[in-house]
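Each chain, written out:
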Amino acid sequence: MGTDTPLKTRKIQIVVVGGGAGGLELVRRLGAKYGRKHHDIILIERNRTHIWKPLLHEVAAGALDANLDEVGYRSHCHRWGYRFFLGTLEGVDRSNREVVLAPLLDDDGTELIGRHRIRYDYLVLAIGSVTNDFGTPGVKENCLFLDDRAGADRFRNLLLNHCLRVSRAMSLDRHADEHVRVAIVGGGATGVELAAELFNSAGALRHFGLEVFDESRLKVSLVEAGPRILPALPARLAAAAEGELRALGVDVRADTRVKEAVPHAIICEDGERIEADLLVWAAGVKAAPMLARLGLETNANNQLIVSNTLQTTRDLRIFAMGDCCSHTRSGLERPVPPRAQAAHQMASAVFRNLGLIMRSKTLKPFIYQDHGSLVSLSRFSTVGSLMGNLVGGRMAIEGRLARFVYTSLYRMHLIAIHGWARGMALLLVGRVNQIVRPQLKLH
Ligand SMILES: Cc1cc2nc3c(=O)[nH]c(=O)nc-3n(C[C@H](O)[C@H](O)[C@H](O)COP(=O)(O)OP(=O)(O)OC[C@H]3O[C@@H](n4cnc5c(N)ncnc54)[C@H](O)[C@@H]3O)c2cc1C
């Protein structure tokens, strides 16, 4: 894949880095439309399989078996007409129009493939975000993050180990006062959803061999620096969610700033120490620091600044979308939020604009449609607000309707990455699995 073939005789190469909520949908559409003709569509991704990130709290709590929901990139690319390269983006050589991939290492550290480069005519960066620890001392070393499948698996294994410990202690002594203590920092959607999902799983554990374990053995603290949890939702809905969490037994602490994380405890600014077996940090996101070194315009969170066509401001051959970019529509104050629905809409806009480039037409502006926010409190409740013309402004919803809309987001993602027929078939398989497979993943 050198750079010496004249452009006229070689295929136009579109490289997408990151096969997540936005990137996988984009390569599927590009591959289906252009991949088998005069274009080479390439996906570069550091993992072998895709799991939709909003499911990670369910994977962490054991409520979802990621093996059943993940998508293998190799089979997906074969079906949809793009090429898949396993690798981690390390840099972009903009003058030669090449991406630089880090050496690929075996599990034991042996180098399998050295550092290498892949040419692009157009590059789309869709590498998502990572948890932001805001430089808080001890967080990196002592807290768990739900950034990817590995992080969610790690949390679940540790959780199950502590459930076993408590169950064993309780069966030896019925009066033992043993608990699994979890401290979650960040009262946004991720923290709230994880807290509720943990109670769902704890309740189910007694049916899976841990007879003496139940919800009462779980102590969850949810720590939020702001005045209330779920700042993205209207105050009434956030209060409803908080009430639901408190009823489950979650110790919700707003206005509480964390100063430091140490082994098995977080230290608050007022000096209070919250002891826990598992510490989870879910207090906001930032983009990978590597993006700030590409010579492109970035903000303080390392996100690439993109114009209304989703091209980076300093290099029109490079697009960025999803959590790794920042786009503020002119006239508005707030940028598009880092959400799956934004990544989905941006994937459609980049697909359309790349098509316009192929036809030498003027690119169209991306206009974000906020359809609202929904937060799932596992089987206990779902709250949120819908926005848009459909409901004539903002409408608060709760309960079954909210749950239906929440799960529809995942249905839409499945259809976006598999097409209608296969997407619907997979939904059906999912329903059957819910009936025939265990309620919890215990390994
Ligand atoms: C627990 C949790 C719950 C959430 N719930 C919701 C929700 O209910 N609703 C909602 O709208 N949003 C939710 N979100 C946010 C949502 O998941 C993200 O906004 C969305 O996934 C962003 O899509 P993306 O394509 O930008 O990035 P991602 O989906 O994160 O995909 C990025 C991809 O890039 C790959 N990658 C990263 N770095 C590199 C590299 N250097 N080289 C190669 N590949 C790389 C990653 O492996 C990944 O596959 C949730 C997030 C979490 C963590």
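Predicted model, so just to flag it, every value in this text is computed and none were measured. (Residues numbered from 1 in each chain as written. Predicted model: local features only at pLDDT ≥ 70, side-chain atom pairs only at ≥ 80, totals over all residues. Heavy atoms only, no water.)

**A closer look at the overall build of the protein**
- Secondary structure summary: the protein contains 11 helices and 27 strands in total.
- With respect to the three principal axes, the spread of C-alpha positions in the protein is 80 × 55 × 45 Å.
- Across the 443 residues in the protein, those meeting the buried criterion constitute 51%.
- A total accessible area of about 21100 Å² is found for the protein, and carbon and sulfur atoms account for 52% of it.
- For the protein, the separation between the mean place of its 57 positive charges and that of its 46 negative charges on side chains is 9 Å. (Helix = DSSP H or I, 4+ residues; strand = E, 2+ residues; numbered from the N terminus. Buried < 20%, exposed > 50% of the residue type's maximum accessible area, 1.4 Å probe, protein only. Areas by Shrake-Rupley, 256 points an atom, 1.4 Å probe, with all protein chains shown as cover. Lys, Arg positive; Asp, Glu negative; His and termini not counted. Charge placed at Lys NZ, Arg CZ, Asp CG, Glu CD.)

**As for a positive patch on the surface**
- A cluster of basic residues, K33, K37, R352, R359, K361 and K364, forms a positive patch at the surface.
- Looking at the secondary structure, you find K33 in helix α1 (residues 23-35). (Patch = residues over 30% accessible without salt bridge, like charges linked within 9 Å, V, L, I, M, F, W, Y side chains within 5 Å. Salt bridge = Lys/Arg side-chain N within 4 Å of Asp/Glu carboxyl O.)

**Structural notes on the pattern of salt bridges**
- Taken as a whole, this structure holds 17 salt bridges when the rule is applied.
- Residues R94 and D315 are paired through a salt bridge, measuring 3.0 Å at the closest nitrogen-oxygen approach. Of this pair, R94 sits in the loop between β6 (89-93) and β7 (98-101) while D315 is found in strand β23 (residues 315-320), placing the two residues 221 residues apart along the sequence.
- We note a salt bridge from R253 to E272, for which the minimum N-O separation is 2.7 Å. A residue pair is termed long-range when its members are at least 10 positions apart, and R253 in strand β15 (residues 251-253) and E272 in the loop between β17 (265-268) and β18 (273-275) qualify at 19 residues.
- Through salt bridges that share partners, E70, R149, D153 and R156 make up one connected network.

**Topic: the nonpolar core**
- Ranked by internal contacts, the top residues of the largest apolar core, which has 60 residues, are L26, L30, Y82, V99, L123, L125 and L354.
- Among the elements that line this core, the one with the most residues is helix α9 (residues 340-358), at 9 residues.
- Not counting chain neighbours up to four residues away, the residues in contact with L123 comprise V15, V17, V92, V99, R317, I318 and F319.
- Membership of the second largest hydrophobic core comes to 51 residues, among which are L56, A66, M170 and F213. (Core = buried A, V, L, I, M, F, W, Y, C linked by side-chain atoms within 4.5 Å. Contact = heavy atoms within 4.5 Å.)

**Concerning the site of the ligand**
- Close contacts around the ligand come from 29 residues, with G22, E45, L89, D323 and A340 the closest.
- L89 places a main-chain nitrogen or oxygen 2.9 Å from a nitrogen atom of the ligand.
- Contacts to the ligand include A340, whose backbone N or O atom sits 2.9 Å from an oxygen atom.
- Broken down by element, the shell around the ligand gets its largest block of residues, 3 residues, from α9.
- Class assignment for the residues of the shell around the ligand results in 12 nonpolar, 12 polar and 5 charged. (Near = heavy atom within 4 Å. Polar contact = N/O pair within 3.5 Å; in protein donor to acceptor, adjacent residues only side chain to side chain. Nonpolar A, V, L, I, M, F, W, Y, C, P; charged D, E, K, R; others polar.)

**Topic: the side chain of E224**
- Within the secondary structure layout, E224 lies in the loop between β14 (218-223) and α8 (235-248).
- Here E224 is buried and forms no salt bridge, its nearest opposite-charge partner R257 lying at an N-O distance of 7.7 Å.
- Those residues in contact with E224 that sit more than four places away from it in its chain are G186, G187, G188, I229, R253, A254, D255 and T256.

**Examining the packing of α1 against helix α10 (residues 399-418)**
- Contact geometry for α1 and α10: axes closest at 8 Å, N-to-C directions at 35°. Side by side, α1 and α10 meet where L24, E25 and R28 of the first sit next to I415, A416, I417 and H418 of the second.
- Split into classes, the residues belonging to the contact of α1 with α10 amount to 4 nonpolar, 1 polar and 2 charged. (Axes fitted to C-alpha atoms, helices over the stretch in contact; angles between N-to-C directions.)

**Considerations on α1**
- Its 13 residues give α1 an end-to-end C-alpha distance of only 15 Å, which falls more than 12% under 18 Å, the value for a rise of 1.5 Å per residue.
- Buried residues dominate α1, accounting for 10 of its 13 residues. (Expected span 1.5 Å × (residues − 1).)

**Topic: the domain arrangement of the protein**
- Partitioning the protein into structural domains gives domain 1 (12-129 + 287-358), domain 2 (139-284) and domain 3 (372-436).
- The C-alpha centroid of domain 2 is placed 32 Å from the C-alpha centroid of domain 1.
- On the domain 2 side, the residues contacting the 14 residues of domain 1 number 16 residues.
- Summed over both partners, the interface of domain 1 with domain 2 buries about 1200 Å², with 61% contributed by carbon and sulfur atoms.
- Remark: the boundary between domain 1 and domain 2 carries 1 salt bridge.
- A salt bridge links E70 to R149; the nearest nitrogen and oxygen atoms lie 2.7 Å apart.
- For the interface between domain 1 and domain 2, the tally reads 4 residue pairs in polar contact (both at pLDDT 80 or more).
- Those elements that provide at least two residues to the side of domain 1 that touches domain 2 are α2 (56-61) and α3 (66-69).
- Residue composition of the side of domain 1 that touches domain 2, by class: 7 nonpolar, 3 polar and 4 charged. (Domains from an automatic or database assignment. Buried area = accessible area lost by both parts, 1.4 Å probe.)

**What about the packing of aromatic side chains?**
- By the definition in use, this model includes 3 aromatic pairs.
- One Lys or Arg, R28, reaches over the ring of W80 and ends 4.7 Å from the middle of that ring.
- The residue whose ring lies beneath R317 is Y122, and the NZ or CZ to ring-centre distance is 5.0 Å. (Phe/Tyr/Trp six-rings, centres within 6.5 Å; stacked < 30°, edge-to-face > 60°. Lys NZ or Arg CZ within 6 Å of the ring centre and 35° of its normal.)

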